[in-house]
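Reading the structure
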Amino acid sequence: AATSATAAPPPEKRTQINTAIRSATIQETTNVNFNISVGTAVPASVHFHPLPPRIVEIYPEWRGYEVILVNGRYVIVRPQTREIVYIIEG
């Protein structure tokens, strides 16, 4: 139950999150050889970035989560499981 509760932010917060993440400086991850979809575990070789504090302010459920930028898409990852929980189209 915990996975679905924190996966996707409610619609009214998505616009704020999208705006905030686009204004953050996140280095693009290249050389990606895994499927970018919710529920996929990201390989240990991938370097994550902490979610910007503004995102956590908007959606505190993601505190401690991390992000990677792949092909213009922001991929939110749960660090304990390395599982993709949400994808923001860039």
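Residues numbered from 1 in each chain as written. Predicted model: local features only at pLDDT ≥ 70, side-chain atom pairs only at ≥ 80, totals over all residues. Heavy atoms only, no water.

Checked against the element boundaries, valine 38 lands in the loop between helix H2 (11-23) and strand S1 (49-50). With 39 residues separating them along the chain, valine 38 and valine 77 place their C-alpha atoms 9.1 Å apart. (Helix = DSSP H or I, 4+ residues; strand = E, 2+ residues; numbered from the N terminus.)

The pairing of strands in a sheet comes from backbone hydrogen bonds and takes either a parallel or an antiparallel form. Pairing is antiparallel in the open sheet, where four strands are placed in the order S1-S2-S3-S4. Two strands close off the open sheet at either side, each with one partner strand: S1 and strand S4 (83-89). Relative to strand S2 (residues 66-70), S1 runs antiparallel, the two sharing two bridges. Across the sheet, the residue bridging to proline 50 is glutamate 66, located in S2. Packed on one face of the sheet, H2 meets S2, strand S3 (73-78) and S4 and runs near 85 degrees to S4. (Pairing = 2+ DSSP bridges. Contact = heavy atoms within 4.5 Å. Axes fitted to C-alpha atoms, helices over the stretch in contact; angles between N-to-C directions.)

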